[in-house]
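Per-entry structural report
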Amino acid sequence: METKDNSFVIAVYVDNKYGVLTRVTSMFTRRGFNIDSLTVGVTESPEYSRITISMSGDGYAKAQMLNQLRKLFNVKKVEVLEETDAVQRELILVKIKNDPNEHQRVLSALDIFKAQIIDYSVDALCVEVTGAPAKIDAFIEMVRPLGIIELCRTGIVALQKGGKNMLESPDVN
């Protein structure tokens, strides 16, 4: 994980059914753990959804969350995605002031971070950036002095490297 010390990413395959996400997130609340980011979407198999959770904590917190997640009925698979064995990305949309005096600085920042302008108006630019969480953090810090009007981050999505499908590995509940 590239964002904070003591952070880790957990991938959770669950049945794609009503109420499962509520049960998963309620478990974090009951145990007093905070979720740094959460993304959810249907997988290559429509009967399953994948929840990607980024959280901070010590070894105890990690072990506790893994054990508790594995006990939930609709959870099919839980794994920690280690930074060295996974690809992690995030998307951010940022609305930046369109100040003619800062135009060159904005374009330079966009070029450095391979950002795309997705909406343009007289007073604002809406920009899209994807990449590792550290890249997203660095982009925010670079454009903050230029005037961030609004921003929205997706949270981390991650996949294990290589050809293995996590759901097909042997320890499925």
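Residues numbered from 1 in each chain as written. Predicted model: local features only at pLDDT ≥ 70, side-chain atom pairs only at ≥ 80, totals over all residues. Heavy atoms only, no water.

Attention now moves to helix H2 (residues 59-71). In this model, H2 (13 residues) spans 19 Å end to end at C-alpha, consistent with the 18 Å of a helix rising 1.5 Å per residue. For H2, the complete set of buried residues consists of Ala-61, Gln-64, Met-65, Leu-66, Gln-68 and Leu-69. On its buried side, H2 packs onto strand S1 (7-15), helix H1 (20-31), strand S3 (48-56) and strand S4 (75-80). Of the residues that open H2, the one with a side-chain oxygen 3.2 Å from the backbone nitrogen of Tyr-60 is Asp-58. (Helix = DSSP H or I, 4+ residues; strand = E, 2+ residues; numbered from the N terminus. Expected span 1.5 Å × (residues − 1). Buried < 20%, exposed > 50% of the residue type's maximum accessible area, 1.4 Å probe, protein only. Contact = heavy atoms within 4.5 Å. Polar contact = N/O pair within 3.5 Å; in protein donor to acceptor, adjacent residues only side chain to side chain.)

Right, let's get into the packing of aromatic side chains. Applying the stated criterion across every chain yields a total of one aromatic pair. Aromatic pair Phe-113 and Phe-139: ring centres 5.3 Å apart, planes at 75°, arrangement edge-to-face. Of this pair, Phe-113 sits in the loop between helix H3 (103-112) and strand S6 (116-120) while Phe-139 sits in helix H4 (residues 133-147), placing them 26 residues apart in sequence. The ring of Phe-73 carries Lys-76 above its face, with NZ or CZ at 5.8 Å from the centroid. (Phe/Tyr/Trp six-rings, centres within 6.5 Å; stacked < 30°, edge-to-face > 60°. Lys NZ or Arg CZ within 6 Å of the ring centre and 35° of its normal.)

Between two packed helices, the angle of one axis relative to the other and the distance separating the axes together describe the packing. The interhelical angle for the contact between H1 and H2, taken along N-to-C directions, is 135°, at an axis separation of 11 Å. On the basis of the axis angle, H1 is oblique to H2. Our pair here, H1 against H2, has a crossing hand that is right-handed. Residues Val-24, Met-27, Phe-28 and Arg-31 of H1 form the contact with H2, whose own contacting residues are Gln-64, Met-65, Gln-68 and Leu-69. (Axes fitted to C-alpha atoms, helices over the stretch in contact; angles between N-to-C directions. Parallel < 35°, antiparallel > 145°, perpendicular 65-115°, else oblique. Left-handed = near helix turned anticlockwise from the far one by under 90°.)

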